[in-house]
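# A closer look at the structure
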Amino acid sequence: MTLSPNGTGEQDVLVVGAGFSGLYALHRLRGQGLSVTLLEAGDGVGGTWYWNRYPGARCDSESYYYSYSFDEELQNEWEWSERYPQQPEIMAYLNHVADRFDLRRDIRLGTRVVSAEFDDGPARWHVTTDAGERLTCRFLVTAVGCLSTANVPAIPGLDTFAGEWFHTGRWPHEGVDFAGRRVGIVGTGSTGIQAVPVIAEQAAHLTVFQRTANYSIPARNGPESVESRQAIKDDYAEIRRIQRESTNGHPFLISERSALEPSEDERRAIYEAAWERGGLRFRASFADLLSDRAANDTASDFIRTKIREIVRDPEVAERLTPRDHGFATKRPPIDTDYFEAYNRENVTLVDVRETPIEEVTPTGLRTSAAEYPLDRIVFATGFDAMTGPLLGIDIRGTGGRTLRDKWADGPRTYLGLGIAGFPNLFTITGPGSPSVLCNMPTAIEQHVDWIADCIADLDARGLARMEATEDAETAWVAHNNEAAGKTLLPQASSSWYLGANVPGKPRVFMPYAGGFAAYTRICDEVAAEEYRGFVRTR
Ligand code: NA7
């Protein structure tokens, strides 16, 4: 089936979003003979990386592993220039993928999905776009990303600001000129930590408004040598196997030793080596960093000492030192010269927990203690993570029930893939799946493959409708909470994993914390047992 020229034709599958998830979903589903159209709100492919163009935007996963593994030729032909890929390079890669697999003919850019309604009689989804078009499909696959709904704080007076303000996740394509400007940046998560050193180099003055001090590990970015690229490619099969069998989708395994086992000297030496090597792998130094408070304290203390060593002004160092949560219990950033930036003459740190932001004035930002004159304000304030992108669409399941209503007290899914009351809807990296706790392309490929196999199985059996049962969903929510409860993660009370960064959002630990490999095994078992926990009918 193909879309009729007026866009009202029926498709087997509509995919929403053209990031890593949507592009692979289109390729994979089309490859098994299905008619597929992909609808994308942006004017280009790239998803997260299309929108996040802020200074210093770079992936924290390493480039050779933050890439697709589904096609051997693709992974062998593509050359990543640095250890971590910069935003423009990821965009080049995803555009290359779109061209290489001839995806563009089934992608409609500049098309935002505003609603989707399930019609139970014929088991069809009716999807409406912002242009008022109505499209129909058998299966709806959301590939809307976990971090794509910008969270701009509702600070009084923002509309009176005479300068310009930006959210990092909606960055202007033409860039922003900070030269000679007084710039304020709000937020010190992964994004703020990447942007601060880069903006500090450009601006006349940079004021950083920090609410929660953060741990950060040096990235140790650098060019990827010809030899190391070749070595990775020669070993790709094994690397991909490790990624798929790991806890977090990265090509390293977490040490099996407790942090409390070695002597203090040996432990410090292990942390020093990990600090020198840099990157997210630091958290793999010991087995129990995310499950045992005393073990976690050893890593947290090590990083606190490093902050004091790097930052020259002891008062600034103290304000930059996290005390209210343990290392990696919130998403751990990695950085290039973040703490070093505070040694610059033109960088000021303001602790807005001590002196909260009260308003934006026409000429700057005022806290309870002072007014800071600014020409530009950058909000690195994160996202309405995981549920925001899905609830941004008016999704209605059986009986017209809205997803917003169903998730009023927090998301409920089965495997993060299916939702009771919403048949034939598949959510790639949905809440309740490893998603943001995993290297994303690894998590995405597993989801897309599972969904594609599932649809193939339905078609082979002549089945038209598939829906997660309430019981399976309830059991999965309980298992999700249990898995999170075995870790220290839910204890970081200001974490976006819990929805704590968005005022009024229900506090539910959203990603699946039981580990990627364990999760994959469960999904495989569900499929092998004729999709246990789903009802499939003609
Ligand atoms: P994050 O990690 O959610 O960080 C947002 C930062 O903004 C964080 O420091 C927040 O402080 C701060 N924030 C949020 N709202 C406010 C208000 N109203 N006032 C002051 N400060 C505020 O988003 P990122 O974009 O950095 O990273 C998102 C993910 O992208 C990252 O985890 C990676 O997976 C990639 P808080 O900690 O909430 O006190």
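In what follows, the structure referred to is the one given above.
Every chain begins its residue count from 1, and numbering advances along the sequence as written. Where totals are concerned, whole chains, interfaces and linings use all residues; where local detail is concerned, this predicted model gives features only for residues with pLDDT of at least 70, and gives and counts side-chain atom pairs only at 80 or more. Calculated side-chain values reflect all of the structure's heavy atoms, with hydrogen atoms and water omitted.

### Overview of the site of the ligand
A cutoff of 4 Å decides nearness: a residue is near a molecule or strand if any of its heavy atoms lies inside that distance of it. Contacts to the ligand come from 19 residues, most closely from Thr-188, Thr-191, Arg-211, Thr-212 and Lys-330. Any N or O atom pair separated by 3.5 Å or less is treated as a polar contact, with the protein-specific requirement of one donor-capable and one acceptor-capable atom, and with residues adjacent in sequence counted only for side-chain atom pairs. With respect to the ligand, the backbone of Ser-190 contributes an N or O atom lying 3.0 Å from an oxygen atom. In this structure, an oxygen atom belonging to the ligand sits 3.3 Å away from a main-chain N or O atom of Ala-380. Computed by Shrake-Rupley with a 1.4 Å probe, the accessible areas treat only the displayed protein chains as cover when residues are assessed. In isolation the ligand exposes 770 Å². Once the protein is present, 87% of that is buried. Basically, the charged four are Asp, Glu, Lys and Arg, the nonpolar ten are Ala, Val, Leu, Ile, Met, Phe, Trp, Tyr, Cys and Pro, and anything else, Gly included, counts as polar. Of the residues that constitute the shell around the ligand, the class distribution is six nonpolar, nine polar and four charged.

### Details of the pairing of strand β16 (residues 376-379)
Only protein chains enter the accessibility calculation, which uses a 1.4 Å probe; a residue is then buried when its area is under 20% of its type maximum, exposed when over 50%, and partly exposed in between. Strands are runs of DSSP state E lasting at least two residues, helices are runs of H or I lasting at least four, and both sets are numbered from the N terminus onward. Residue alternation in β16 divides its side chains into two sets, Arg-376 and Val-378 and Ile-377 and Phe-379, and both sets are buried. Should DSSP find at least two bridges between two strands, the strands are regarded as paired. Of the pairings in the sheet, the one linking strand β7 (residues 164-167) to β16 comprises four bridges and is parallel in character. For Glu-164, the partnering residue across the bridge sits in β16 and is Arg-376. Pairing of strand β8 (residues 182-186) with β16, which is carried by four bridges, proceeds in the parallel orientation. Bridged to Gly-184 within β16 is Ile-377.

### Concerning the sheet that holds β7
Sheet strands pair via backbone hydrogen bonds, and the direction of the pair is either parallel or antiparallel. As summarised here, the arrangement of the five strands in space is β7-β16-β8-β9-β12, forming an open sheet in which the pairing is parallel. Edge strands, defined here as strands with exactly one partner in the open sheet, are β7 and β12 (347-351). On average, adjacent strands in this sheet sit at an angle of 20° to one another, irrespective of strand direction. Residue contacts follow a heavy-atom distance rule, with two residues in contact if any of their heavy atoms lie within 4.5 Å. What counts as an axis is a line fitted to C-alpha atoms, over the stretch in contact for a helix, and the angles between N-to-C directions run from 0 to 180 degrees. Contacting β8, β9 (205-210), β12 and β16, helix α5 (residues 190-202) crosses the sheet at an angle of about 170° to β8.

### What about the nonpolar core?
In this text, buried Ala, Val, Leu, Ile, Met, Phe, Trp, Tyr and Cys residues form a nonpolar core when linked through side-chain atoms within 4.5 Å. Counting residues in each nonpolar core, the largest one holds 77 residues, and the members touching the most others are Leu-29, Leu-415 and Trp-450. Considering every element that reaches this core, the biggest residue donor is helix α14 (residues 440-460), with nine residues. Each domain span listed reflects an automatic or database assignment of domains. Both domain 1 (10-149 + 385-537) and domain 2 (158-379) contribute no fewer than three residues apiece to this core. With residues up to four places along the chain from it excluded, the contact list for Leu-415 reads Gly-432, Ser-433, His-447, Trp-450, Trp-476, Tyr-519, Ile-522, Cys-523, Val-526 and Phe-534. The next biggest cluster of nonpolar side chains, apart from the first, holds 49 residues, and it includes Val-196, Ile-199, Phe-286 and Val-378.

### Quick word on the environment of Phe-161
The residue Phe-161 is located in the loop between β6 (134-142) and β7 in this model. Under the relative-accessibility criterion, Phe-161 is labelled buried at 8%. Residues Phe-161 and Thr-363 lie 202 residues apart in sequence; the distance between their C-alpha atoms is 6.2 Å. If sequence neighbours within four positions are ignored, Phe-161 has contacts with Val-360, Thr-361, Pro-362, Thr-363, Gly-364, Leu-374, Asp-375, Arg-376 and Ile-377.

### Some words on helix α6 (residues 226-234)
Every buried residue belonging to α6 is among Arg-229, Ile-232 and Lys-233, and all of these are buried. The buried side chains of α6 occupy one side of the element, clustering within an arc of 100° when seen end-on. Turned more than 90 degrees away from the buried face of α6, the exposed residues are Glu-227 and Asp-234. Tucked inside the fold, the buried residues of α6 contact α3 (72-77) and α7 (236-244). Summarising the geometry, the arc corresponds to the directions from the helix axis toward the C-beta atoms.

### Quick notes on the layout of surface pockets
Any space left empty among the atoms is revealed by the rolling of a water-sized probe across them. When its volume is computed, the second largest pocket comes out at roughly 620 Å³. In terms of lining, the second largest pocket is formed by 31 residues, of which the most central are Thr-247, Asn-248, Ile-254, Leu-290 and Ala-513. When the residues that make up the lining of the second largest pocket are grouped by side-chain class, the tally is 17 nonpolar, nine polar and five charged. Each of two domains, domain 1 (10-149 + 385-537) and domain 2 (158-379), supplies a minimum of three residues to the lining of the second largest pocket. The pocket and cavity definitions rest on a 1 Å grid over protein atoms only: a 1.4 Å probe that fits but cannot leave marks a cavity, an open set with protein on both sides within 12 Å along at least five of seven lines marks a pocket, and residues lining either have an atom within 4 Å of a point. Grid points are joined across faces, edges and corners, and a volume is the space filled by probe spheres set on the points.

### A short note on the packing of helix α1 (residues 20-31) against α14
Here α1 crosses α14 at 35°, and the two axes come no closer than 9 Å. Judged by the sense of rotation from one axis to the other, the crossing of α1 with α14 is right-handed. Seen from α1, the contacting residues are Phe-20, Ser-21, Tyr-24, Ala-25, Arg-28 and Leu-29; seen from α14, they are Pro-441, Ile-444, Glu-445, Val-448, Asp-449, Ala-452, Asp-453 and Ile-455. Tallied by class, residues from the contact of α1 with α14 come to nine nonpolar, one polar and four charged. Left-handed describes a crossing whose near helix is turned anticlockwise from the far helix through less than a right angle; right-handed describes the clockwise counterpart.

### Considerations on unusual backbone geometry
One non-glycine residue, Met-386, lies in positive phi territory at about 70°. Structurally, the position occupied by Met-386 is in the loop between β16 and α12 (388-391). Despite not being glycine, Glu-530 has its phi angle at roughly 50°, a positive value. Tracing the backbone through its elements, the reader meets Glu-530 in the loop between α16 (516-528) and β20 (534-537). Residue classification places Glu-530 among the exposed positions, given a relative accessible area of 51%.

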